[in-house]
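Below, each chain spelled out in residue letters.
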Amino acid sequence: MITLYDYELSGNCYKLRLLMSFLGVEFETEKIDFYPGLQHKSEEFLKLNPLGQLPVIDDDGLVLRDAQAILVYLASKYDSSGQWYPTGDPALLGQVSQWLAFADGITGTASAARLHDSLLYRHLDIDSARAGAHNLFRILDEHLYFAELDGQDWICPGDHPTVADIACFPYIMLSEDGGIPRMDYPAIRRWCDRFKRISGFVVMSGVFPAGPAPAKEAEQAA
Amino acid sequence: MTCDNKILLNDWHVVAEADLLAFGDVQRTVLFEEPVYVSRDEDGGITVRRNTADGAKLPLQEKYGFIWTCLGAPERDIIHVPEAFEPDRYLVSGGSFGVKVSGLRVVENFLDMGHFPFVHTGWLGEEPHTEVQPYEVELTKDDEIIASECYFYQPQASPTAEGGIMVEYTYRVYRPYTVALYKTNPTYPDRNDYIVLFVQPVGPEDCIVHPYLCYVKDGMEEDTLRWFMQLIFAQDKPILENQIPRKLPLDPRAETPIRADKVAILYRRWLRDHQVTFGTLPAVA
Amino acid sequence: MTTELHSQWIPIASSSDLPLRHVYQAKLLGREFAVWRADDGYVNIWENRCLHRGVRLSIGINDGRELKCQYHGWRYANRTAGCTYIPAHPADAPARTICNNTYPAQEAHGLVWCGEQAVGEIPALDGFETATTLRPIPINAPRDFVIEALTCYSMADGCAGLVNEDGSVTVTAGDGSAVRLFVQPCDSNHSVIRGVVNRAAQGADHIALLRTHSQALSALRRKIEAQAAQLEALEPMSAPIGRVAEDLVDIPAASTDGRNADLRVQVAAKERTAEGIVSLRLEPLTGSRLPTFQPGAHIDVHLQNGLVRQYSLTNGPGETDHYTIGVKREPDSRGGSTAIHDSVQKGDVLAISVPRNNFPLRRDAVNTIFVAGGIGVTPLLSMARTLNSQNLGFEFHYFVQSDEHVAFKQAIGEFEQAASLHKGLSPDETVAVLRKVLAEPGHARHIYICGPGPMLEAARQVASNCGWSDEAVHFEYFKNTVELDDSNSFEIDLARSAVTLTVPAGQTILEVLRENGINMGSSCEQGACGTCRCGVIEGDVLHQDVYLSDSEKAEGKSIMTCVSRAKSDRLILDI
């Protein structure tokens, strides 16, 4: 059984809850009082992850940290279809890795702004965090706009979403917590709707579900 | 706009959680748009200062695990919460959260049951069970607002509740920025669990919410409490931050009340009668 | 503050920004919009706040027919933006005046155009008859500053730009290619560049064309933003928030619009839908929308021969471009149905009332059972379509003489899985079926019945025998067959108006109120529809209507003023 060291309001933990829900993988959670308890900085937790960061998983004794690394691990191990983390196609795999790194950039900006505004991490530079997030969102919005034109629903080519979509989604969806509106990113907003309609999607606090998808015929007619 | 409401300025407000202020720490926060520095020296002594050249000290109290101050001359004491002195209760802070909306909107949302099935889906409510039954509202002789006999169908009313139940709430507005609820304890129907929000007005459109919970211990785990509070509050937050305008409008024609909003209607009138202008949009004459 | 810009048509979105079941967020001159396309293609541009608590509707849900607010689940209809449902009060029909602010919308050149007070035509784009719509480029700079800078836009060699009268910019290159760029002023320091290029392209060429402009405009954006950052920051624009109607400040009161026929509609289609039943499709004479209705609502139809008849709407949610009613020929009636069957033709104009809903549908049931008999199917059809569209559980039992008598087959087909047809049953057989259908009362289960009197009575009796409470059994009679007694005289005190009136024998309360200038809404005026319901504060009521349930009658807190009277000498009414 997988144990997820989890904090409800963490977008990084949410990434793993999402993937495991999409894959139908069962897991247990160990609740970590990240805020205000700072339990992830406790001596006990540091033994699990010396970086003092969430998330961490323990899969039958294999302890892993870092959201993107764990996404890669879980998808490789538990997705027999190989679609979430497509190792068979080097070009595609390269793109997935590129956007996983991009997701780290989103965490460093949009998530930082959120920590500043919502959880009162006042030492963070809010202006540069917000500006950095907007810069990334502009890049992603343009990418998704042209992906749509190409008939592509997801960040990487192909008919199926990948761990890159999962890695980017939470802190984009929670960006308003950090004072980063998404009005200027209509292609990102449409992608968010599509993401929420992936079978097995679950919400976290602060993320609302999407409405019903249109019938395929209606969508094509429109 | 700075605050010129005596009723607010001469009142006590939370500016920090005591446990989170380490020895040698200085925290900057804002109260009524005025920067305030809360510090703890190496001996544990706490001070609260203004951001003036002389760093004038402000009055200070430590109560319920929070540090309180007052920018004016305190006219009345911090509210008394008897539940906080009952030994068989967990006394837990929910964690302080910054919210980009008038604190008065936060209070009004806290008084609202109608949103449970839509915002707290699966926890405090669930479609199609959406009805808000009639309830009682009164303004007490102590000038507090009480809403009682508030019933709502909840699928998961508390971390330990099993299956859906009809839950009874009583709501209480003590002061413009202080609101609490009493909720039937699932194990002891004659006792209430208690949650109070101490809302720190940062600006007219910004606040920090300091929740404080007094829950009967039996049948409950302490760390679950904070988790549950945060789960619920973080569901409200995007709703609150998507309200236009961000200030609470006191004009009766600014928004559309329904019967379920009886307590909110009284709250808005009461704010108007007390001439609370900080965080509100005034009624148009 | 209103400026010239408020009366201009300005593009606020690309058509491709509005896929089905999506809500797009826009801002124009400081005012935010929620923009959504309904499944029927209609583009709605609404103020981006729910009328209840101001929550942005752009975080709400577009279900194809209605927009649902995320906060309290209020639903607003396609086109009209009228509120159709307030979940906190499932037994009430919301006042139809709860209506969000809508703004004009037009789609042209692949763009969606709006203007708070737009007048005139959207700009004709001469030379852009075959064109490609560019990717929008948001920019943090003031509109005028962006316009000025766009004249230097260079997409090819030898570009020359000029500012048009409407503030748009045309840039022409040496090779004849041209773009027309529009700057959407979102706020004082926030704009979006939108535009078209005078070339149609397909496939990879199309994408390459768009990419070229997206990159060139992004490059220009970097320059403009760097310069704009040096400008003195402007105050954000303010868009005053309108006030809601005065009658919404308190709990909505009963409708006071009498028996008016405010609307004119045209019969757009008249079809035989079943043996002896025609359906009429009624469309507005001008514009594309009719007032918001809720499932269960009826309209008064004023016929050419002077008769007034009530017909339930059969429409599904969000169908506000037309009303559909079903009319059964009743040879022994006073001529209303005959007039419709024989005289009303396609193209005729009819006077109708706004929809009234005295048969509201609760949507907080875990299961709803509809029992329809004959033409009684009409209000239940609208209800079932609503629950179906919201994925709420229900059963639809339709009792008819034969297959030929099944009306609105196509609409019923929408929820085939929930529909059961019961054909040609005798009264006893009907009761036997009803016993099975209504066997299980329970928490959050409700029954809605509409049909001929005897069948309705039977269904109510069966429900009662099975243990259903009065509150869970909802019904609507076509007509009141109670023999009316108007022989007594009594006084009425109007509590809120502080007036005392005498109702003599031979007159109704409603008539006496009207004679004394008190406007009371009414519709059927025979105690069946519920429109003229009034609160009773004191006094015994002689109920002669078929609208109130037995327990409501026993409670004595309401009266149908068109037929019911006082048992006592005096009634105190809540008017």
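Keep in mind it's a predicted model, so treat the numbers as computed, not measured. (Residues numbered from 1 in each chain as written. Chains lettered and ligands numbered in written order. Predicted model: local features only at pLDDT ≥ 70, side-chain atom pairs only at ≥ 80, totals over all residues.)

Caption draft 1: Summary view of the overall build of chain B. Along chain B, the regular secondary structure elements total 5 helices and 16 strands. By the compact-globule yardstick of 19 Å for 285 residues, chain B fits well, its C-alpha radius of gyration being 19 Å. Projected onto the principal axes, the alpha-carbon positions of chain B cover approximately 60 × 50 × 35 Å. For chain B, the proportion of its 285 residues judged to be buried stands at 49%. Long-range contacts, defined here as pairs at least 24 residues apart, represent 60% of the contacts in chain B between residues at least 6 apart. (Helix = DSSP H or I, 4+ residues; strand = E, 2+ residues; numbered from the N terminus. Rg over C-alpha atoms; globule rule 2.2 N^0.38 Å. Buried ≥ 20, exposed ≤ 12 C-beta atoms within 10 Å, placed from the backbone. Contact = placed C-beta atoms within 7 Å.)

Caption draft 2: Geometry of the sheet that holds strand β4 (residues 46–50) of chain B. All names here are of chain B. Spatially, β2-β3-β4 is the arrangement adopted by the 3 strands of the open sheet, whose pairing is antiparallel. Each end of this open sheet is capped by a strand with a single partner; those strands are β2 (26–31) and β4. Direction aside, the axes of adjacent strands within the sheet are offset by 25 degrees on average. Across 6 bridges, β2 lies against strand β3 (residues 34–40) in antiparallel orientation. In the strand pairing of β3, Gln27 is matched with Val38. (Pairing = 2+ DSSP bridges. Axes fitted to C-alpha atoms, helices over the stretch in contact; angles between N-to-C directions.)

Caption draft 3: Layout of the interface of chain C and chain A. Taken together, the 22 residues of chain C in the interface contact 18 residues of chain A. At the level of elements, β2 (23–28), β5 (61–62) and α2 (203–228) of chain C are the ones that each hand at least two residues to the side of chain C that touches chain A. In terms of residues, the side of chain C that touches chain A owes the most to one element, α2 of chain C, which gives 4 residues. By residue class, the composition of the side of chain C that touches chain A is 8 nonpolar, 7 polar and 7 charged. (Nonpolar A, V, L, I, M, F, W, Y, C, P; charged D, E, K, R; others polar.)

Caption draft 4: Representation of the packing of helix α6 (residues 163–173) of chain A against helix α7 (residues 186–196) of chain A. Residue and element names in this part refer to chain A. One way to put it is that α6 packs onto α7 with a least axis distance of 11 Å and a crossing angle of 115 degrees. Taken together, α6 and α7 sit at an angle that is classed as roughly perpendicular. Of the two possible hands of crossing, α6 and α7 adopt the one that is left-handed. On the side of α6, the interface is formed by Asp165, Phe169, Ile172 and Met173, while α7 contributes Ile188, Cys192 and Phe195. Here the contact of α6 with α7 is composed, by residue class, of 6 nonpolar, no polar and 1 charged. (Parallel < 35°, antiparallel > 145°, perpendicular 65-115°, else oblique. Left-handed = near helix turned anticlockwise from the far one by under 90°.)

Caption draft 5: Representation of helix α4 (residues 377–389) of chain C in the model. All names here are of chain C. Counted at 1.5 Å a residue, the expected span for α4 with its 13 residues is 18 Å, and the 18 Å between its end C-alpha atoms agrees. Burial of α4 is extensive: 12 of the 13 residues sit out of reach of the surface. Taken together, the buried positions of α4 are Val377, Thr378, Pro379, Leu380, Leu381, Ser382, Met383, Ala384, Arg385, Thr386, Leu387 and Asn388. At the exit of α4 stands Asn391, carrying a positive phi of roughly 60 degrees. (Expected span 1.5 Å × (residues − 1).)

Caption draft 6: Quick peek at the packing of helix α4 (residues 90–117) of chain A against helix α5 (residues 126–149) of chain A. Residue and element names in this part refer to chain A. Contact pair α4 / α5: the axes reach a minimum separation of 8 Å and the direction vectors enclose 140 degrees. In terms of orientation, α4 lies oblique with respect to α5. The two elements α4 and α5 cross, and the hand of that crossing is left-handed. Contacts between α4 and α5 involve Phe102, Gly105, Ile106, Thr109, Ala110, Ala112, Ala113 and His116 from the former and Ile126, Ala129, Arg130, Gly132, Ala133 and Leu136 from the latter. Here the contact of α4 with α5 is built from residues that sort into 9 nonpolar, 4 polar and 1 charged.

Caption draft 7: Structural context of the domain arrangement of chain B. Residues and elements named next belong to chain B. Splitting chain B by domain gives domain 1 (6–69) and domain 2 (82–240). Relative to domain 2, the C-alpha centre of domain 1 lies at a distance of 26 Å. Contacts between domain 1 and domain 2 engage 13 residues on the former and 12 residues on the latter. Taken together, the elements giving at least two residues each to the side of domain 1 that touches domain 2 come down to β1 (13–17) and β2. The element best represented in the side of domain 1 that touches domain 2 is β1, accounting for 4 residues. When the residues that make up the side of domain 1 that touches domain 2 are grouped by side-chain class, the tally is 8 nonpolar, 2 polar and 3 charged. (Domains from an automatic or database assignment.)

Caption draft 8: Up close: the environment of Ile572 of chain C. Residue and element names in this part refer to chain C. By the secondary structure assignment, Ile572 is in strand β35 (residues 570–573). Residue classification places Ile572 among the partly exposed positions, given that 16 C-beta atoms sit within 10 Å. Sequence spacing of Ile572 and Asp493 is 79 residues, and the spatial spacing of their C-alpha atoms is 4.6 Å. Ignoring sequence-local partners within four residues, the contact set of Ile572 consists of Asp493, Ala495, Ile537, Glu538 and Gly539.

Caption draft 9: Structural detail: the environment of Val406 of chain C. All names here are of chain C. By secondary structure assignment, the location of Val406 is in the loop between β25 (394–400) and α5 (409–413). Along the sequence, Val406 and Asn367 sit 39 residues apart, while their C-alpha atoms lie 24 Å from each other. What Val406 contacts, discounting residues up to four positions off in sequence, is Ala274, Val400 and Leu421.

Caption draft 10: Main features of the sheet that holds strand β1 (residues 10–14) of chain C. Residue and element names in this part refer to chain C. Taken in spatial order, the 3 strands make up an open sheet running β1-β11-β10, and their pairing is antiparallel. Each edge of the open sheet carries a strand with a single partner, namely β1 and β10 (105–108). Looking at each pair of strands side by side, their axes are set apart by 35 degrees on average, direction ignored. Alignment of β1 against strand β11 (residues 111–114), held across 4 bridges, turns out to be antiparallel.

Caption draft 11: Broad picture of the pairing of strand β10 (residues 145–154) of chain B. Residue and element names in this part refer to chain B. Of the strand pairs in this sheet, strand β9 (residues 136–139) and β10 are connected by 4 bridges, and their pairing is antiparallel. The residue of β10 that forms the bridge with Glu136 is Ser148. The turn joining β9 and β10, which pair antiparallel and follow one another in sequence, is formed by 5 residues; a positive phi near 65 degrees is taken by Asp143. As judged from the 8 bridges shared by β10 and strand β11 (residues 165–175), these two strands associate in the antiparallel manner. Bridging from a neighbouring strand, Ala147 pairs with Tyr171 of β11.

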